[in-house]
Amino acid sequence: MRKPIVAGNWKMNLSLADSRALAAGIVDAVADYSGCEIVVAPSAVSLAGVGEVLADSRVRLAAQNMHWAGGGAYTGELSAQMLADVGASWVILGHSERRQFFGESDEGVNHKTHVALQAGLTPIVCVGETLEEREGERTLQKIELQVRAALAGIRAEDAPRVVIAYEPIWAIGTGKTATAVQAQAIHQAIRKIIAEVFDTSVADALRILYGGSVKPANIAELIAQPDLDGALIGGASLKADSFSAIAKIVDEYTA
Ligand code: PGA
């Protein structure tokens, strides 16, 4: 049984005070939704402050990125241990905005996935195709490449701790969601790839999230898909009411 995940990616938004207020609102609103794991990813400078608000709650703290090195001359970067020190237990890796604007490669994402697992952080590894790739019928090819690259060298015993987020780039922040049928087709394909790379028990255990314009109005149809184990949410995670409304629907579906 895969426990669903509702994760909010706050991206480069919110002051420290606003981040803490949002976290407090979410803690209150989701207190009863024990059927799903709830995760929020504030900006790096708000991690420690939000971590204080989340202490003793059921909401987990995630970073939006991390470096693979343990430390050293990497100006502007943060290590896994630094994230763990401020209370993060999850980390988003290879988000399409990191790949697109900051040149993150599949190899780098793989390296970070190894390091996150070693450090005890739960990695949410993002994959997804561009509109051009979808229209050129290269979606599956792209996803397979990204998934296999991200998981290269990961031990089968560690693999179920990895979370994959399928986020079609054309659906992120655009208001266009993949249809539930489109999402399910890719999620099923990802699970098949996981079974090939590892085995069916890993494939059955590993959670695959959908991301891209998820909101209260479309989550019910998405979460009803058999291979969809929750959501990674950008815009709709910036308000406690919309984020908790999504969590409520996921929780009710699980119950
Ligand atoms: P969105 O972002 O929900 O605003 O489309 C999703 C994401 O980038 O993770």
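Note: the structure precedes this text.
Residues numbered from 1 in each chain as written. Predicted model: local features only at pLDDT ≥ 70, side-chain atom pairs only at ≥ 80, totals over all residues. Heavy atoms only, no water.

Student: Could you clarify how one ought to interpret the layout of surface pockets in this entry?
Tutor: Picture a little ball the size of a water molecule; that probe, rolled over the atoms, points out where space is still empty. Each pocket or cavity is described by its volume, and for the largest pocket that value is around 630 Å³. What lines the largest pocket is a set of 23 residues, among which Lys11, Met12, Gln64, Asn65 and Arg98 lie closest to the centre. Its residues assigned to classes, the lining of the largest pocket shows 12 nonpolar, seven polar and four charged. (1 Å grid on protein atoms, 1.4 Å probe; cavity = no way out; pocket = protein on both sides within 12 Å on 5 of 7 lines; lining within 4 Å. Points joined across faces, edges and corners; volume = space filled by probe spheres on them. Nonpolar A, V, L, I, M, F, W, Y, C, P; charged D, E, K, R; others polar.)

Student: What's the story with the sheet that holds strand β2 (residues 37–41) in this structure? I'm lost.
Tutor: The pairing of strands in a sheet happens through backbone hydrogen bonds and is either parallel or antiparallel. With parallel pairing, the eight strands of this closed barrel are ordered in space as β1-β2-β3-β4-β5-β6-β7-β8. Put simply, the sheet's adjacent strands are angled 25° from each other on average, direction ignored. Judged from the three bridges that link them, β2 and strand β3 (residues 59–63) form a sheet pairing that is parallel. Each bridged residue has a counterpart across the sheet, and for valine 40 the counterpart in β3 is leucine 61. (Pairing = 2+ DSSP bridges. Helix = DSSP H or I, 4+ residues; strand = E, 2+ residues; numbered from the N terminus. Axes fitted to C-alpha atoms, helices over the stretch in contact; angles between N-to-C directions.)

Student: How should the site of the ligand be read in this particular structure?
Tutor: Surrounding the ligand, one finds 13 residues, the nearest of these being Lys11, His95, Glu167, Gly173 and Ser213. Here an oxygen atom of the ligand and a backbone polar atom of glycine 234 are 2.8 Å apart. Take glycine 235: an N or O atom from its main chain is 2.8 Å from an oxygen atom of the ligand. Contact with the protein chains covers 95% of the free accessible surface of the ligand, which is 280 Å². Across the shell around the ligand, the residue classes break down as four nonpolar, seven polar and two charged. (Near = heavy atom within 4 Å. Polar contact = N/O pair within 3.5 Å; in protein donor to acceptor, adjacent residues only side chain to side chain. Areas by Shrake-Rupley, 256 points an atom, 1.4 Å probe, with all protein chains shown as cover.)

Student: Even after reading the chapter, I still don't get the packing of helix α5 (residues 106–118) against helix α7 (residues 139–151), so can you show me in this structure?
Tutor: Packed helix pairs are specified by the crossing angle of their axes together with the interaxial distance, meaning the distance between the axes. Their axes nearest at 7 Å, the elements α5 and α7 cross at an angle of 40°. Classified by the angle their axes make, α5 and α7 are oblique. Here α5 and α7 pass one another in a crossing that is right-handed. On α7, the residues that touch Asp106, Val109, Asn110 and Thr113 of α5 are Leu145, Gln146, Ala149, Ala150 and Leu151. When its residues are assigned to classes, the contact of α5 with α7 shows five nonpolar, three polar and one charged. (Parallel < 35°, antiparallel > 145°, perpendicular 65-115°, else oblique. Left-handed = near helix turned anticlockwise from the far one by under 90°. Contact = heavy atoms within 4.5 Å.)

Student: Looking at this structure, how should I read helix α10 (residues 216–223)?
Tutor: Since there are 3.6 residues in each turn of an α-helix, residues three or four apart along the chain are aligned in direction. Restricting attention to buried positions, one finds in α10 the residues Asn218, Ile219, Leu222 and Ile223. When α10 is viewed along its axis, its buried side chains cluster within an angular range of 130° and face the same direction. For α10, exposure combined with an orientation more than 90 degrees from the buried face picks out Ala217 and Glu221. (Buried < 20%, exposed > 50% of the residue type's maximum accessible area, 1.4 Å probe, protein only. Arc of directions from axis to C-beta.)

Student: Explain unusual backbone geometry to me, please; I cannot follow it from the model alone.
Tutor: Working note: non-glycine residues mostly have negative phi, and peptide bonds are mostly trans. Of note in this structure, leucine 14 is not a glycine but carries a positive phi near 75°. When you line up the elements, leucine 14 lands in the loop between β1 (5–9) and α1 (16–30). Not every positive phi belongs to a glycine, and aspartate 56 is a case in point at roughly 65°. Mapped onto the elements of the fold, aspartate 56 is located in the loop between α2 (47–54) and β3.

Student: What is the right way to read the nonpolar core from this model?
Tutor: The nonpolar side chains of a soluble globular protein tend to be buried, and buried together. Among the nonpolar cores identified, the biggest contains 66 residues, and Ile190 and Ile194 are the most heavily contacted of them. The element that contributes the greatest number of residues to this core is helix α8 (residues 180–197), accounting for six residues. Residues contacting isoleucine 194, with those up to four places away along its chain left out, are Val147, Leu151, Ile164, Asp199, Val202, Ala203 and Leu206. In terms of nonpolar packing, the next biggest core, distinct from the first, is built from 13 residues, Ala41, Ala62, Val163 and Ala165 among them. (Core = buried A, V, L, I, M, F, W, Y, C linked by side-chain atoms within 4.5 Å.)

Student: Looking at this model, I keep getting lost on the pairing of strand β5 (residues 122–127). Mind explaining?
Tutor: Along a regular strand, successive side chains alternate from one face of the sheet to the other. In terms of burial, β5 is largely enclosed, as six of its six residues are buried. Side chains Thr122, Ile124 and Cys126 of β5 all project onto a buried face; the interleaved residues Pro123, Val125 and Val127 project onto the opposite face, where all are buried too. Across four bridges, the pairing between strand β4 (residues 90–93) and β5 is parallel. Among the inter-strand pairings, valine 91 is bridged to a residue of β5, identified as proline 123.

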